[in-house]
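Structure at a glance
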Amino acid sequence: MKDLLPPGVRQQGERGIAFVIAGPSGVGKSSVIAALLARDPRLAFCPSVTTRPPRPQEVPGRDYHFVSEAEFDRLLAQGALLEWAEYQGHRYGTPKAEVLSRLAQGRDVVLNKEVRGAWAIKNAGLGYPVVLIFLVPPSWEELVRRVRGRGTEDEEALQERLRIAQAELARIPDFDYLVVNDELSAAVTRVEAIIQAERMRIVRCG
Ligand code: 5GP
């Protein structure tokens with residue numbers, strides 16, 4: 001197919017693309033990402049580093065790199081993080097080398113971020129396209145139900161997550177795509193459509 005293209009033109013998917021999945025806590029970012037990874041071997045998930053302790057089902061190195069406060073300080077001082085944020089008393093950051101090396105290999109990278117982090121990655125000057133996808137629940141009532149259903153936190157932490165969620169929804173205009181997660185497989189299909197379209201996008205590079 002490449003022989004058909006005029007000079008100075010390529011498809012965006014010939015090189016790596018970063019897809020950032022953001023949206024309020026409890027919306028189902030992790031479940032959508034797990035399903036995407038199972039279905040598309042070109043996608044690579046880049047786990048964040050965090051000072052938060054692991055949840056029961058989480059696997060170190062797969063879901064997060066769990067680090068001490070001192071280790072997080074060291075990564076920050078080394079400039080090893082593309083961006084970082086504090087969320088409910090814990091720090092989260094994006095390892096720069098891991099993201100860049102996968103993109104350089106031509107892999108498409110999937111990242112799970114809170115909303116400010118997504119925007120920071122878009123503006124970090126990665127040198128690769130960054131596509132911001134905002135995942136929303138079908139309604140506010142459903143968001144509250146899902147955050148409660150997670151049941152890993154006390155009432156105060158839960159109320160704090162809901163307050164943060166409200167502020168995050170106000171940042172929807174900063175994003176490229178809005179996807180409703182009403183039903184997991186439907187949401188995954190929608191995100192896959194975005195990924196396919198972005199790979200087929202025509203880039204004028206000449
Ligand atoms: P959780 O503790 O529920 O796993 O994550 C809390 C929030 O931190 C989620 O909204 C998640 O998307 C976000 N998050 C995870 N890793 C990072 C990161 O590296 N940077 C930023 N800015 N947010 C992150």
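So, here is what we can say about the structure in this document. Since the model is a prediction, treat every value here as computed from it, not as a measurement.

This paragraph deals with the sheet that holds strand β3 (residues 43-45). Across the sheet, which stays open at both edges, the 5 strands sit in the order β3-β8-β2-β9-β10 with parallel pairing between neighbours. On the outer flanks of this sheet lie β3 and β10 (177-180), each paired with one strand and no other. Averaged over neighbouring strand pairs, the angle between their axes works out to 25° when direction is ignored. With 3 bridges joining them, β3 and strand β8 (residues 108-112) adopt parallel strand pairing. Opposite L43, over in β8, you have D108 as the bridge partner.

Further remarks concern helix α1 (residues 29-39). Turning to α1, its buried residues number three or more, namely K29, V32, I33, A35 and L36. For α1, the angular spread of buried residues about the axis comes to 165°, placing them on one side. Each element contacted by the buried residues of α1 is listed here: β2 (18-22), β3, β8, β9 (130-136) and α7 (184-200).

So, about the nonpolar core. Residues I21, V32, L36, I133, V179 and V191 are the most contacted members of the largest nonpolar core, which totals 20 residues. Those elements that provide at least two residues to this core are β2, α1, β3, β9 and α7. The leading source of residues in this core is α7, at 5 residues. Apart from residues no more than four positions distant in its own chain, V32 is found in contact with L135, N181, L184, A187, V188 and V191.

Per the stated rule, a full pass over the model turns up 20 salt bridges. Close ionic contact of D40 with R199 constitutes a salt bridge, the shortest N to O distance being 3.0 Å. Residue D40 is located in the loop between α1 and β3, and its partner R199 is located in helix α7; the two are separated by 159 residues in the primary sequence. The exposure classification of D40 matches that of R199, with both residues buried. The shortest N-O distance in the salt bridge between E160 and R163 comes to 2.9 Å. Here E160 pairs with R163, and both are found in helix α6 (residues 155-169), just 3 residues apart, close to one helical turn. When salt bridges with common partners are traced through the structure, they connect D40, R42, D108 and R199 into a single cluster.

The next thing to look at is helix α4 (residues 115-122). Inspection of α4 places V115, G117, A118 and I121 among the buried residues, and these make up the whole buried set. The buried side chains of α4 occupy one side of the element, clustering within an arc of 160° when seen end-on. Those residues of α4 hidden inside the fold are in contact with β2, β6 (81-87), β7 (90-95), β8, β9 and α6.

Attention now moves to the packing of aromatic side chains. Two measures describe an aromatic ring pair: the distance that separates the ring centres and the angle between the ring planes. For the structure shown, the criterion picks out 5 aromatic pairs. Considering the side-chain rings of Y64 and Y92, the 5.9 Å spacing of their centres and the 55° angle between planes classify their relative orientation as tilted. Taken together, the residues span a long stretch of sequence, with Y64 in strand β5 (residues 64-66) and Y92 in strand β7 at a distance of 28 residues. The class for Y64 is buried, based on a relative accessible area of 15%. On the basis of an interplanar angle of 85° and a centroid distance of 6.2 Å, the ring pair of Y87 and Y92 is categorised as edge-to-face. Put simply, the rings of Y64, F66, Y87 and Y92 pair up and form one aromatic cluster.

The two faces of the sheet receive side chains in turn, since in a regular strand these alternate between them. Most of β6 is tucked away: 5 of the 7 residues are buried. Where β6 lies against β7, 5 bridges are found, and the strand directions are antiparallel. Among the inter-strand pairings, L81 is bridged to a residue of β7, identified as P95.

In this section: the site of the ligand. In the region of the ligand, 17 residues are neighbours, and R52, Y64, E83, Y92 and N112 sit closest. In the model, an oxygen atom of the ligand is placed 2.6 Å from a nitrogen or oxygen of the N112 side chain. K113 places a side-chain nitrogen or oxygen 2.8 Å from an oxygen atom of the ligand. In the complex, the protein chains occlude 96% of the 510 Å² of accessible area that the ligand would expose alone. Put simply, the parts of the chain that give the shell around the ligand at least two residues each are β6 and β7.

The rules behind these values
- Counting restarts for each chain: residues are numbered from 1 in the order of the written sequence.
- Given that the model is predicted, a residue must reach a pLDDT of at least 70 before its local features are reported, and side-chain atom pairs must reach 80 or more before they are shown or counted; all residues, however, enter totals for whole chains, interfaces and linings.
- Note that the side-chain values use all heavy atoms of the structure and ignore hydrogens as well as water.
- Strands are treated as partners if at least two bridges between them are detected by DSSP.
- Numbering of helices and strands runs from the N terminus; a helix is a DSSP stretch of H or I covering at least four residues, while a strand is a stretch of E covering at least two.
- Under this scheme, a helix contributes an axis fitted over its contacting stretch, all axes are lines through C-alpha atoms, and angles between N-to-C directions fall in the 0 to 180 degree range.
- Burial classes: relative accessible area under 20% of the type maximum marks a residue as buried, over 50% as exposed, and values in between as partly exposed (1.4 Å probe, protein chains only).
- The arc in question is traced by the directions running from the helix axis to the C-beta atoms.
- The criterion used for residue contact is that any of the two residues' heavy atoms lie within 4.5 Å.
- Here the nonpolar core consists of buried residues drawn from Ala, Val, Leu, Ile, Met, Phe, Trp, Tyr and Cys, with membership extended through side-chain atoms lying within 4.5 Å.
- Any carboxyl oxygen of Asp or Glu within 4 Å of a side-chain nitrogen of Lys or Arg constitutes a salt bridge here.
- Aromatic pairing here means that ring centres of Phe, Tyr or Trp (its six-membered ring) are within 6.5 Å. Orientation follows from the plane angle: under 30 degrees is stacked, over 60 is edge-to-face, and everything else is tilted.
- Residues are classed as near a molecule or strand on a simple rule: at least one heavy atom within 4 Å of it.
- Two N or O atoms form a polar contact when they lie within 3.5 Å of each other; inside protein one atom must be a possible hydrogen donor and the other a possible acceptor, and for residues adjacent in sequence the pair counts only when both atoms belong to side chains.
- Here the open area of atoms and residues is found with the Shrake-Rupley method and a 1.4 Å probe, where only the protein chains shown may cover a residue.

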